[in-house]
Amino acid sequence: MAKYVVLLGSPGAGKGTQADILTKETGLAHISTGDLFREHIAQKTELGILAQSLMDKGEFVPDDLTIAMVKERISRADCEQGVILDGFPRNPVQADATKLMLNAMGSSVSVVPYIIVPEDVLIQRLSGRWTCRNSGHVYHTMFSPPEKEGICDLCGAELYQRVDDTVETVKKRLRIYMERTSPLIDYYRKQGKLVEIEGDQPIDSVTKDLLATLKK
Ligand code: AP5
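Quantities reported herein were computed from a predicted structural model and do not represent experimental measurements.

S.K.: Explain the sheet that holds strand β4 (residues 112–116) to me, and be specific about the residues and the numbers.
M.R.: Read across the sheet, 5 strands follow the order β2-β3-β1-β4-β8 without closing on themselves; strand pairing throughout is parallel. Strand pairing shows two members of the sheet lacking a second neighbour, β2 (29–32) and β8 (194–198), which therefore form its edges. For this sheet the average axis-to-axis angle between neighbouring strands, irrespective of direction, equals 25 degrees. Direction of pairing for strand β1 (residues 3–9) relative to β4: parallel, over a ladder of 2 bridges. Across the sheet, residue Leu8 finds its bridge partner in β4, namely Tyr114. Seen against the sheet, helix α8 (residues 183–190) touches β1, β4 and β8 and runs at an angle of roughly 125 degrees to β8. Strands β1, β4 and β8 of the sheet are contacted by helix α9 (residues 203–215), whose axis makes an angle of about 160 degrees with β8.

S.K.: Account for the site of the ligand, with residues named and values stated.
M.R.: By nearness alone, 36 residues border the ligand, and Thr17, Thr33, Glu59, Arg129 and Arg173 come closest of all. Interatomic distance of 2.9 Å between a backbone N/O atom of Gly12 and an oxygen atom of the ligand. At 2.8 Å, a side-chain N or O of Arg90 approaches an oxygen atom of the ligand. In the complex, 97% of the free accessible area of the ligand, which totals 1000 Å², lies under the protein chains. Secondary structure elements with two or more residues in the shell around the ligand: α1 (15–26), α2 (33–42), α6 (119–127) and β6 (138–140). The element that contributes the greatest number of residues to the shell around the ligand is α2, accounting for 4 residues. Along the lines of polarity and charge, the residues of the shell around the ligand split into 13 nonpolar, 14 polar and 9 charged.

S.K.: Lay out the pairing of β2 in plain terms, naming residues and giving numbers.
M.R.: Consecutive side chains of a regular strand alternate in pointing toward one face of the sheet and then the other. Alternating positions in β2 separate into two faces, Ala29 and Ile31 on one and His30 and Ser32 on the other, with burial throughout. Both β2 and strand β3 (residues 82–86) contribute to a ladder of 4 bridges, which runs parallel. Across the sheet, the residue bridging to His30 is Ile84, located in β3.

Analysis parameters
Residues numbered from 1 in each chain as written. Predicted model: local features only at pLDDT ≥ 70, side-chain atom pairs only at ≥ 80, totals over all residues. Heavy atoms only, no water. Pairing = 2+ DSSP bridges. Helix = DSSP H or I, 4+ residues; strand = E, 2+ residues; numbered from the N terminus. Axes fitted to C-alpha atoms, helices over the stretch in contact; angles between N-to-C directions. Contact = heavy atoms within 4.5 Å. Near = heavy atom within 4 Å. Polar contact = N/O pair within 3.5 Å; in protein donor to acceptor, adjacent residues only side chain to side chain. Areas by Shrake-Rupley, 256 points an atom, 1.4 Å probe, with all protein chains shown as cover. Nonpolar A, V, L, I, M, F, W, Y, C, P; charged D, E, K, R; others polar. Buried < 20%, exposed > 50% of the residue type's maximum accessible area, 1.4 Å probe, protein only.

Structural data, given as structure tokens:
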């Protein structure tokens, strides 16, 4: 039976880092709405132009556009065994849409690991994050540096810092997360799907806890 995992956590909690590893370990597909928007931005599509103006300020892309994008992505063949959703759903409207989307596929959300990290650590993580322009692989100047500064270990492409990772925009993203996304903690706890994961530990320890949760 297909497995649908919603990775919940603040900006910088490690959702993308862990989703990449879990995808390799489990064979589930990885859908990151942030990454999908960044692809649209790189391709300069109509959606990308709109998304960039909002993302640079740390604001959400409208629900209808985001939901339609996920609906199309999740219908593709590589999602048949299941999916790790990263950055989606991000508010109760998107959570209700996820439920409808999966119900229509004869399924439902399987489990919601909630990665918990203190705010001062989140700011430190996001201000030291570097991302590969080509592979999207994520590094950190202190916690997971590339072998050669500014160069991706996997493909040799250039690393860049995200525009929305300035301290001011990070603080705004954390505020918006508290206001709009944190209600999903109770939303999924009430459904008995939420599992709390200690996120302030080394990357491989977080992975171990997540894999144990996914196996249950
Ligand atoms: P998105 O790209 O989803 O950003 P986010 O949710 O804010 O999450 P991040 O990517 O910042 O953090 P992460 O948890 O993935 O952390 P990471 O693994 O990189 O969204 C960006 C924007 O797009 C939004 O602001 C919004 O505008 C728009 N958007 C996206 N989805 C949307 C939606 N559904 N609806 C509307 N708008 C939407 O790790 C961070 C750093 O920490 C890295 O450097 C990493 O190396 C390091 N690190 C990770 N884990 C550890 C660890 N255990 N120990 C030490 N360092 C670690």
